[in-house]
Amino acid sequence: MSLNNFSAICVHGAPIDCPIFVNHLSFSNLFIFHCIIPFRAQLHIQPKMIVLTDSELREILPTLSDHYPKSIQLDAMIRNRLNGRCDWPGTEFVVDRYPEYSVLMCRPVKNHPNYVCWPRAYCVTLFCRNLERLEDVLREDDFVDWTQRVAFFAVEKKSVSTALLKRFHELGSIEPMWESDHCGIVHLLHPSHLVKSELPEGFRFGELLEAHAEQINREWKYGTPDSLPFVQTVLRNKFPSSGIFTSDGSRLVAYILYMTDGSMFNGYVDPEFRYRGLYQAVNYDLACKVVALGQPSAFLYVIEDNEASLRSYAKLGAKRVDPAEWCVDWQSFTPPPPVE
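What comes next concerns the included structure. Treat the numbers as computed from the prediction; the structure is a model and nothing was measured.

So, the overall build of the protein
Of regular secondary structure, the protein possesses 11 helices and 13 strands. Burial analysis of the protein (340 residues in total) assigns 50% to the buried set. Relative to all contacts within the protein whose residues are 6 or more apart in sequence, the contacts with residues 24 or more apart total 73%. Roughly 16900 Å² of accessible area belongs to the protein as shown, and the carbon and sulfur atoms make up 53% of that amount.

Brief notes about unusual backbone geometry
That bond from tyrosine 68 to proline 69 is cis: its omega, 10°, falls within 30 degrees of zero. Following the sequence through the fold, proline 69 ends up in the loop between α4 (54–64) and α5 (72–83). Residues tyrosine 98 and proline 99 are joined by a peptide bond in cis, for which omega reads 5°. Positive phi is not limited to glycine here, since cysteine 86 has a value of about 55°. Relative to the helices and strands, cysteine 86 resides in the loop between α5 and β2 (91–95). Positive phi outside glycine occurs at asparagine 111, with the angle close to 60°. Position of asparagine 111 among the secondary structure elements: in the loop between β3 (103–108) and β4 (122–128).

Remarks on the side chain of aspartate 329
Among the secondary structure elements, aspartate 329 is positioned in strand β13 (residues 327–333). Look at aspartate 329 and you get buried, because its relative accessible area is 1%.

Examining the nonpolar core
Ranked by internal contacts, the top residues of the largest apolar core, which has 78 residues, are Leu104, Leu189, Met264 and Tyr313. Residue contributions to this core peak at eight residues, all from helix α10 (residues 278–292). Not counting chain neighbours up to four residues away, the residues in contact with leucine 104 comprise Leu52, Ile60, Leu64, Leu74, Ile78, Val94, Val95, Thr125, Leu126 and Phe127. Leu134, Phe152, Val160 and Ala163 belong to the second largest nonpolar core, which has 22 residues in total.

Considering the pattern of salt bridges
Tallied over the full model, the rule gives 15 salt bridges. With a closest N to O distance of 2.8 Å, arginine 133 and aspartate 96 form a salt bridge. Of this pair, arginine 133 sits in helix α6 (residues 131–137) while aspartate 96 is found in the loop between β2 and β3, placing the two residues 37 residues apart along the sequence. A salt bridge links aspartate 329 to lysine 157; its shortest N-O distance comes to 3.3 Å. A residue pair is termed long-range when its members are at least 10 positions apart, and aspartate 329 in strand β13 and lysine 157 in the loop between β5 (150–156) and α7 (160–171) qualify at 172 residues. Salt bridges sharing partners connect three or more residues here, namely Lys48, Glu140 and Asp141.

Some thoughts on helix α9 (residues 228–236)
Since the α-helix packs 3.6 residues into each turn, any two residues three or four apart lie on the same face. Three or more residues of α9 are buried, namely Leu228, Phe230, Val231, Thr233, Val234 and Leu235. On the buried face of α9, the contacting elements are α8 (213–219), β9 (252–258) and β10 (264–269). Residue lysine 238 follows α9 closely and has a positive phi angle near 60°.

Things to note about the packing of α4 against α5
One way to put it is that α4 packs onto α5 with a least axis distance of 10 Å and a crossing angle of 145°. Crossing geometry of α4 relative to α5 is assigned as left-handed. Across the interface between the two elements, Asp54, Leu57, Arg58, Ile60, Leu61 and Leu64 from α4 touch Leu74, Asp75, Ile78, Arg79, Arg81 and Leu82 from α5. Within the contact of α4 with α5, the residues separate by chemical class into seven nonpolar, no polar and five charged.

Overview of the sheet that holds β9
What links the strands of a sheet is backbone hydrogen bonding, and the strands pair in either a parallel or an antiparallel sense. Strand order in the open sheet formed by four strands is β7-β8-β9-β10, and the pairing between neighbours is antiparallel. At either end of the open sheet lies a strand with only one pairing partner, and these are β7 (203–206) and β10. On average, adjacent strands in this sheet sit at an angle of 15° to one another, irrespective of strand direction. In the sheet, β9 pairs with β10 via four bridges, with the strands oriented antiparallel. If you follow alanine 254 over to β10, its bridge partner there is valine 269.

Criteria and thresholds
- Residues numbered from 1 in each chain as written.
- Predicted model: local features only at pLDDT ≥ 70, side-chain atom pairs only at ≥ 80, totals over all residues.
- Heavy atoms only, no water.
- Helix = DSSP H or I, 4+ residues; strand = E, 2+ residues; numbered from the N terminus.
- Buried < 20%, exposed > 50% of the residue type's maximum accessible area, 1.4 Å probe, protein only.
- Contact = heavy atoms within 4.5 Å.
- Areas by Shrake-Rupley, 256 points an atom, 1.4 Å probe, with all protein chains shown as cover.
- Core = buried A, V, L, I, M, F, W, Y, C linked by side-chain atoms within 4.5 Å.
- Salt bridge = Lys/Arg side-chain N within 4 Å of Asp/Glu carboxyl O.
- Axes fitted to C-alpha atoms, helices over the stretch in contact; angles between N-to-C directions.
- Left-handed = near helix turned anticlockwise from the far one by under 90°.
- Nonpolar A, V, L, I, M, F, W, Y, C, P; charged D, E, K, R; others polar.
- Pairing = 2+ DSSP bridges.

The following block contains the structure:
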């Protein structure tokens, strides 16, 4: 038996004591066998992340409906990739196994020139069908690039977030980018169960353009100079959005945007024009556009202590997902400084 054949047998996981192989090995090959098999076996039991092709994404997409709404983010992102719209440049979809995956995520392609960083970090969107498997996959060398800041966007709080924090601790993560002691309540917004709001006199809907990015980033609660390129990318690439202007079009007074994970985000109304139904109007308008993309429903996250927004979405008719079933958290990893 040649070493090449021997290697192929080991990589495919042949049992060490398989008689058909041992009976054909000389004493010298047996020595090689015992020296190499632990290394090859290790390769077999620690599979690497698999980058999915478009055809494989089409095969996986129907499996996500069985886990709705927890799978709604990856469902939206895959639909957008396959439809060639609202896609996040410079990202890839990977699984731990194919086709029977336990972990599915969207992550940046390493060193991709077209990737626009989500504010302050390399950003990962993650869906998990098996928590125990996720804990193993987190230890894979090629899970993510742990040499840089990594933001895990809106992950399931009660299980996935806990597993991530455990891994961060093992890797010596230092101060996170944001506090993670809050919970994002998921709301589903399908036009069929929303209250349609008519615009009051003196206002009109209009298109949000890249020229509006600086205003939007400035008014965003989480906006920083680092987040401006991301807002510009969302507007430049014509992600769906909703904006309300004064009737002469001179002033943008209310808006909401569409996030790369398929959620609606950054709803805002100028304080001068609040309590006129503008917030409900932009939410209803964007929800219609999102569903038209093919998503089962529009959705968004509301921080649990934001009572004003919670009341507003209840009034609109949004369906609040029970936090005991699914709520989300935002986690961030910051690598420790190199040892001198």
